[in-house]
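One letter stands for each residue in the lines below.
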Amino acid sequence: MCQTKKTKVISRVSTYILFHKLLFGGTLALACVMTLLSVLAPSVIQQVLDNVFTKGIGDGKLLIKGIFLIAGIFFLKELLNCFRIRINNKLEQHVIYRLRQDLHDKLLRLPINFYDRRKSGDISSRVLEDVQSVERAILDGTEQGVIAVLTLVGVSAMMFFQEPRLAIIVFLPLPILGWMAYQYARVSKKNWRAVRDKSGELNSLLVEDIQGNRLIQSFALMLRERKRFAKIARELEKVSLTAMYRWSIQGPGASFTSSLGILGVVGMGAYLLETDPTFSNGQFFAFLLYANMFYEPIRQLVGINNLVAAGKASGERVFEILDAPIEVESPTHPVPFPLIEQEIKFSKVSFSYAERSPVVKDLSFTLAHGSTTALVGPTGAGKSTIASLLLRYYDVDEGNITIGGKNVSQLSLSELRTHIGLVSQDPFLFDTSVRENLLLASENASEDELQRALQAAHAWEFVRLLPEGMNTLIGERGVRLSMGEKQRLTLARAMLKSSPILILDEATSSVDVDTERQIQQALHDLIKDKTTLIIAHRLSTIREADEIIFLEKGQILEKGTHPELMMLDGAYAKYCNLQEKLV
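Note that the structure is a prediction, hence the values are computed from the model and not measured.

Before we go on, may I ask you to explain the overall build of the protein in this structure?
The helix and strand tally for the protein stands at 20 helices and 10 strands. Principal axes of the C-alpha set define a box for the protein whose edges measure 120 × 55 × 50 Å. In the protein, the proportion of contacts linking residues at least 24 apart, taken out of those at least 6 apart, comes to 78%. Summing over all exposed atoms, the protein offers an accessible surface of approximately 30000 Å²; the carbon and sulfur share of this is 59%. Considering the protein, the positive charge centre built from 66 side chains and the negative charge centre built from 63 side chains are found 6 Å apart.

Structural data, given as structure tokens:
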């Protein structure tokens, strides 16, 4: 990444810090006062020592006063440090909250194809770990960097004011320290980026193993997954050690170089004590303190360089999400959703997923208002893709889709999806109660409405037997329910939503034959007077459809009613006959 982009990461995170100007200003102000007290302390110590050396200890009152004065300076400094830490912690948590909130908001707005190309574990790693890393690097780096620079300026001024000859000796190691810092910075960001990427990969594997735990156990894949985890964990260990190895050279190297400067001060100071009567013991002691104070912020700046390098790597990963293009957006000036006429029309629609051949090619068909249209065909024919295009999970490559004569791209995304109910073949339920999952469809639904929806979906029989009825927690993705029970709950949710347009994507694929018969009547009531698109393999689901469209490789081979297509004795008839033989 070029220098401009590196600077951009820092400047963009800084906007989050500067949003809380009072907190940031407060922590910097306290840091400045603390730095001033630190710089003044050696001069006070010098005065006390010179007075003691000149006048003697005597009754000790002068020494005791001096000690209490120095102790007071140190106490005041640490008292201010206590307040600074509290303010800094509050600022830190505010910044983390806003960064994570912005990331989460962006993740909710990103199109489906963003998630098609990324692992969920890596995304969660960026939100949780990388945000913390970049915030710590920029906030702590800024604060510590300001303290370090102020200390350097203050100490340098005091050293040149007291004894320029010793001050020059203290400055001699600086070119070497600067060169070492430059060499370290050159490679450290690349190393830390590798660490963060590998950490995201390990997190992805962990999430995958947790979600696929049943499959792993049923296929006895524990040894395989252990090896996969160990491999990536070992790679993370390797890249982490590489990043740390560079610091193991840089840190001690900088400390040793600094100690040479201290050694030079000791030698030259001893020489001045012997040859220069104006140079006092107190000055010598104070200068040793100043020399240590001078090199300490330099070592801090080198450490901050390491911190910022890691922060930049994390910042790039964070802003990759925040900068990801939203390819499917609501129009700036959306047109109202057609509430009276909901005829759906696909006109010469073509679509392909990234780096794949077209899934839908030059497709045209119409779903009449209030009618039921079934899509049938082999796996990969494009049936579920058509449903995704209607919901605008993706935008078409060519052609257009209209509802009531209005292009779906001109409709507000929230309004479009609010008016379309979906029951998919992969039912998703949140890790909360049955009630809360149903209320997603209608947050103000009454108890009677919830119960009627469950009864209509033939889900009430098992829900009322749960330990706490509708208040029972069902686990992540409804893991405590069977697939059939989950499917019936999602069907009840669609019934509660009562949208004018309905998509049933293999809605009864995971229920047994007896339950399917019960649900068929509920579906018949549900789709009454609704514009419905059914995607199904089972003939029982599609026989009564007003129109059946048989698809193959994204194109329409046949369409008509069930009797018409059976009389045609084409692809649909063969499909039905094959299914009946299998049954």
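Is there a simple way to explain the packing of aromatic side chains in this structure?
Geometry of an aromatic ring pair is reported as the spacing of the ring centres plus the angle between the planes. Tallied over the entire structure, the rule returns 10 aromatic pairs. Between F160 and F171 the ring centres are 5.5 Å apart and the planes differ by 55°, which places this aromatic pair in the tilted class. One end of the pair, F160, is in helix α5 (residues 120-162); the other, F171, is in helix α6 (residues 164-171), and 11 residues separate them in sequence. For F160, a relative accessible area of 36% corresponds to the partly exposed category. Connected via pairs of aromatic rings, a cluster forms that spans F160, F171, F294 and Y295.

Help me understand the packing of α6 against helix α9 (residues 222-275), please; the structure alone is not making it clear to me.
To describe two helices that pack against each other, one gives the angle between their axes and the distance between the axes. Where α6 meets α9, the axes come as close as 8 Å, and the angle between the chain directions of the two elements is 160°. Here α6 lies roughly antiparallel to α9, going by the angle between them. Two packed elements cross with a definite hand, and for α6 against α9 that hand is right-handed. Packed against α6, whose contacting residues are R165, L166, I169 and V170, the element α9 presents G261, G264, V265, M268, G269 and L272 at the interface. Per-class residue counts for the contact of α6 with α9 are 6 nonpolar, 3 polar and 1 charged.

Scoring rules and cut-offs
- Residues numbered from 1 in each chain as written.
- Predicted model: local features only at pLDDT ≥ 70, side-chain atom pairs only at ≥ 80, totals over all residues.
- Heavy atoms only, no water.
- Helix = DSSP H or I, 4+ residues; strand = E, 2+ residues; numbered from the N terminus.
- Contact = heavy atoms within 4.5 Å.
- Areas by Shrake-Rupley, 256 points an atom, 1.4 Å probe, with all protein chains shown as cover.
- Lys, Arg positive; Asp, Glu negative; His and termini not counted.
- Charge placed at Lys NZ, Arg CZ, Asp CG, Glu CD.
- Phe/Tyr/Trp six-rings, centres within 6.5 Å; stacked < 30°, edge-to-face > 60°.
- Buried < 20%, exposed > 50% of the residue type's maximum accessible area, 1.4 Å probe, protein only.
- Axes fitted to C-alpha atoms, helices over the stretch in contact; angles between N-to-C directions.
- Parallel < 35°, antiparallel > 145°, perpendicular 65-115°, else oblique.
- Left-handed = near helix turned anticlockwise from the far one by under 90°.
- Nonpolar A, V, L, I, M, F, W, Y, C, P; charged D, E, K, R; others polar.

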